[in-house]
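Survey of secondary and tertiary structure
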Amino acid sequence: MALKKITPSGGINISLQAIASVAGSAAIECYGVVGLSAKNSLSDQVNKLLGKKNFEQAVVCEKEKKGGYSIDLYLVVASETKITEVIREVQKKVSYVLEKTFGIEFKKVNVYVQGVLEI
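Reference entry: report on the structure contained in this document.

Reading guide: rules and limits
- Residues numbered from 1 in each chain as written.
- Predicted model: local features only at pLDDT ≥ 70, side-chain atom pairs only at ≥ 80, totals over all residues.
- Heavy atoms only, no water.
- Helix = DSSP H or I, 4+ residues; strand = E, 2+ residues; numbered from the N terminus.
- Buried < 20%, exposed > 50% of the residue type's maximum accessible area, 1.4 Å probe, protein only.
- Contact = heavy atoms within 4.5 Å.
- Areas by Shrake-Rupley, 256 points an atom, 1.4 Å probe, with all protein chains shown as cover.
- Salt bridge = Lys/Arg side-chain N within 4 Å of Asp/Glu carboxyl O.
- Axes fitted to C-alpha atoms, helices over the stretch in contact; angles between N-to-C directions.
- Parallel < 35°, antiparallel > 145°, perpendicular 65-115°, else oblique.
- Left-handed = near helix turned anticlockwise from the far one by under 90°.
- Phe/Tyr/Trp six-rings, centres within 6.5 Å; stacked < 30°, edge-to-face > 60°.

Digging into the overall build of the chain
Per the secondary structure count, the chain includes three helices and six strands. Listing the helices and strands of the chain from first to last along the sequence gives β-β-α-β-α-β-β-α-β. Buried residues in the chain amount to 39% of all 119 residues. Contacts spanning at least 24 positions in sequence make up 64% of the contacts within the chain whose residues lie at least 6 apart. Put simply, the chain shows about 7,200 Å² of open surface, and 51% of that area lies on carbon and sulfur atoms.

Given below as structure tokens:
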């Protein structure tokens, strides 16, 4: 899947891998985030932290019915942090960075905590 943006100069296709890379990098920089985890790792009972090359396994992007896009992030947080504050900061930062980078409105940034690790 690719996001399509129309500009006066022509059309632009943005790959899911590019969105995942930008969103994952922004999320990793937030205080309290240990790493990103694959979407299906909760069912596997294994929270394998993903490297920068595999961010697309932890980021899901979908087009909303009413316009705009939504992002789902799956991450692991540190145990000594207030999880709600970490999630709120991740949502704000990822939304800001994606909109600034791609110029596309992201209506929702859903964050799913796959695990809590003690550092």
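Considerations on the pattern of salt bridges
Tallying each qualifying case throughout the model produces five salt bridges. Between K107 and E105 there is a salt bridge; the shortest N-O distance is 3.7 Å. Taking relative accessible area as the criterion, E105 reaches 47% and is therefore assigned partly exposed.

What about the environment of V109?
When you line up the elements, V109 lands in strand β6 (residues 106-117). V109 gets classed as buried once you look at its relative accessible area, which sits at 9%. Between the C-alpha atom of V109 and that of S70, which follows or precedes it by 39 residues, the distance is 5.9 Å. If near-sequence neighbours (up to four positions away) are discounted, V109 is found in contact with I71, L73, Q91, V94 and S95.

Things to note about the packing of helix α1 (residues 16-28) against helix α3 (residues 83-102)
For the pair α1 and α3, the least separation of the axes is 9 Å and the interaxial angle reads 140°. Relative to α3, the element α1 is oriented oblique. Here the hand of the crossing between α1 and α3 comes out right-handed. Together, A18, I19, V22, A23, A26 and A27 of α1 and V90, K93, V94, V97, L98, T101 and F102 of α3 make up the contact between the two elements.

Some words on the packing of aromatic side chains
This model, assessed by the stated rule, comprises two aromatic pairs. A ring pair is formed by Y69 and F106, whose centres lie 6.2 Å apart and whose planes are at 45°; its orientation type is tilted. Highlighted residues: Y69 in strand β5 (residues 69-78) and F106 in strand β6, separated in sequence by 37 residues. Taking the relative accessible area as the measure of exposure, Y69 reaches 8% and is therefore buried.

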